[in-house]
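# A structural walkthrough
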Amino acid sequence: MSRSSTGGKIFSGAVIALSLLVAAVLLLHRFIPNRWLNLGSLIETFLPWFGLAVPVLVLLAAIRRRPLAIVCALLPGLVWFQMYAGLIPDKHKGEGDFRIVSHNVNANNTETEATAATLLAADPDVIVLVELTEEQRYEWSEVLDDTYEYSVSYGTVALWSAYPVVDSYEVDLNLGWARAFRAAVEIDGEAVAFYVAHLLSVRVNTEGFTSAQRNETALLLGEAIADEELDRVVLAGDLNGTSQDRALAPITYQLSSAQADAGKGFGFTWPADTPLARIDQVLYRGLEATGSDVLDATASDHRPVMADFAFQ
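Here is what the cut-offs are and how they apply
- Residues numbered from 1 in each chain as written.
- Predicted model: local features only at pLDDT ≥ 70, side-chain atom pairs only at ≥ 80, totals over all residues.
- Heavy atoms only, no water.
- Core = buried A, V, L, I, M, F, W, Y, C linked by side-chain atoms within 4.5 Å.
- Buried < 20%, exposed > 50% of the residue type's maximum accessible area, 1.4 Å probe, protein only.
- Helix = DSSP H or I, 4+ residues; strand = E, 2+ residues; numbered from the N terminus.
- Contact = heavy atoms within 4.5 Å.
- Axes fitted to C-alpha atoms, helices over the stretch in contact; angles between N-to-C directions.
- Parallel < 35°, antiparallel > 145°, perpendicular 65-115°, else oblique.
- Left-handed = near helix turned anticlockwise from the far one by under 90°.
- Nonpolar A, V, L, I, M, F, W, Y, C, P; charged D, E, K, R; others polar.
- Salt bridge = Lys/Arg side-chain N within 4 Å of Asp/Glu carboxyl O.
- Phe/Tyr/Trp six-rings, centres within 6.5 Å; stacked < 30°, edge-to-face > 60°.
- Pairing = 2+ DSSP bridges.

### Overview of the nonpolar core
Ranked by internal contacts, the top residues of the largest apolar core, which has 28 residues, are Ile-100, Phe-194, Val-234, Val-282 and Phe-309. Of the residues forming this core, the biggest block, four residues, is contributed by strand E6 (residues 180-187). If sequence neighbours within four positions are ignored, Val-282 has contacts with Ile-100, Val-234, Leu-235, Ala-236, Ser-256, Ser-257, Ala-258, Val-305, Ala-307 and Phe-309.

Structural data, given as structure tokens:
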């Protein structure tokens, strides 16, 4: 057997092995343990990007013209398509009965008026802001109070509404300062429970995907939503995790994603310049999502998100 033939078989075997590995990660990501460096949650955060490996693997397999290698290289593509094909088409159904815009404005954002102009251009009925400093909250009040009669804020999170806010209270995330609250908003006589939240940030460092505190805040927020008495619920804010991250299951098993149900594409929001993940969410139940979009970038490191809802 010639060296080139042996080398070709080794090359094809490597392509087959890598193809099966990518397919396994996509298909079985829930079984990847978090025991080591929170690897499972880290992979789930960027899971859609594993699809980029498919054309590379197909090209490598085609170089050697090995049918088995080519078939195996296509396998992760089929798995990816089965998982994400439903997100790609445009599912917008119209404006609905009310519109919400949510934005992590970034504590270092000094361009309040320009940022507000981007949000107001979407003509929302409810605006949700997170990561507000005390100074920023005052500046945003100066900009929004003339347009939105009702507002509520707790700590670093706030909501402005064109409809009456009839009740509100902090949702305790056991942090020592407020990063979440619940507000009941009466929209055309219909009560909707709005949850505004900014879960703790995660970091990727030598300890891996450090998310233990974020996971605890997700659990507490999920418990609060589970106890909600109103049928109509909207959760908006920066959850510092994607809907596929298992750590957000206490929340996501109860609520649907407006982007998945009524948007187009993945709706990535972070980082703003080159979005790689959707960690800014609008989730809901008891309503019909009729539209979802990601707005233009502002001076924040996150992009704003918008969702339209109709009463069922």
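There's plenty left to go through after this.
### Remarks on the packing of helix H5 (residues 112-120) against helix H6 (residues 134-144)
Across the interface, H5 lies against H6 with an axial gap of 10 Å and an inter-helix angle of 50°. Between H5 and H6, the angle is such that the two are oblique. As H5 packs across H6, the resulting crossing turns out to be right-handed. Side by side, H5 and H6 meet where Thr-112, Glu-113, Thr-115, Ala-116, Leu-119 and Leu-120 of the first sit next to Glu-139, Trp-140, Val-143 and Leu-144 of the second. For the contact of H5 with H6, the residue count by class is six nonpolar, two polar and two charged.

### Overview of the pattern of salt bridges
Following the criterion strictly, the structure yields eight salt bridges and no others. Linking Arg-30 and Glu-44 is a salt bridge whose minimum nitrogen-to-oxygen distance equals 3.6 Å. With Arg-30 in the loop between helix H1 (3-27) and helix H2 (39-45) and Glu-44 in helix H2, the pair connects residues that are 14 residues apart, well separated along the chain. With relative accessibility at 0%, the residue Glu-44 sits in the buried group. Note that Glu-190 is salt-bridged to Arg-232, the shortest N-O span being 3.0 Å. Taken together, the residues span a long stretch of sequence, with Glu-190 in strand E7 (residues 190-198) and Arg-232 in the loop between helix H7 (212-226) and strand E10 (233-238) at a distance of 42 residues. For Glu-190, a relative accessible area of 29% gives the class partly exposed. Linked through salt bridges whose partners overlap, the residues forming this network are Arg-30, Glu-44 and Arg-246.

### Some words on the packing of aromatic side chains
Centre distance and the angle of the planes are the two values used to describe a pair of aromatic rings. As enumerated under the stated definition, the model contains 10 aromatic pairs in all. Seen in terms of ring centroids, Trp-49 and Phe-268 are 5.5 Å apart; in terms of plane orientation they differ by 25°. Their pairing is stacked. With Trp-49 in the loop between H2 and helix H3 (53-64) and Phe-268 in the loop between helix H9 (258-262) and strand E12 (280-285), this pair connects stretches of sequence that are 219 residues apart. With relative accessibility at 32%, the residue Trp-49 sits in the partly exposed group. Plain terms: the ring middles of Tyr-84 and Phe-266 are 5.4 Å apart, the flat faces sit at 65° to each other, and that makes the pair edge-to-face.

### A word on the sheet that holds E6
Paired through backbone hydrogen bonds, the strands of a sheet run either parallel or antiparallel to each other. Strand order in the open sheet made by the six strands is E5-E6-E7-E10-E12-E11, with mixed pairing throughout. Edge positions in the sheet fall to strand E5 (165-170) and strand E11 (256-257), since each of these pairs with one other strand and no more. In the sheet, E6 pairs with E7 via eight bridges, with the strands oriented antiparallel. Across the sheet, Ala-180 pairs through a bridge with Ala-197, a residue of E7. Contacts from H7 reach E7, E10 and E12 within the one sheet, and its direction differs from that of E7 by about 175°.

### Points about the sheet that holds strand E3 (residues 150-154)
Within the open sheet, the six strands sit side by side as E3-E4-E2-E1-E14-E13. Their pairing is mixed. Looking at strand neighbours, the two that pair on one side only are E3 and strand E13 (288-294), the edges of this open sheet. Within the sheet, the average angular offset between the axes of one strand and its neighbour, ignoring direction, is 15°. Summarising the sheet, strand E1 (residues 98-104) and strand E2 (residues 126-130) pair through five bridges and their orientation is parallel. Paired with Ile-100 across the bridge in E2 is Val-126. Taken strand by strand, H6 contacts E2, E3 and strand E4 (157-161), and its axis lies near 5° from that of E4.

### Notes on the pairing of E7
Buried residues dominate E7, accounting for seven of its nine residues. Linking two consecutive strands that pair antiparallel, namely E6 and E7, is a turn of two residues; a positive phi of about 50° is found at Asp-188 within it. By the bridge criterion, six bridges tie E7 to E10 in an arrangement that is parallel. Looking at E10, one finds that Tyr-195 is bridged to Leu-235.

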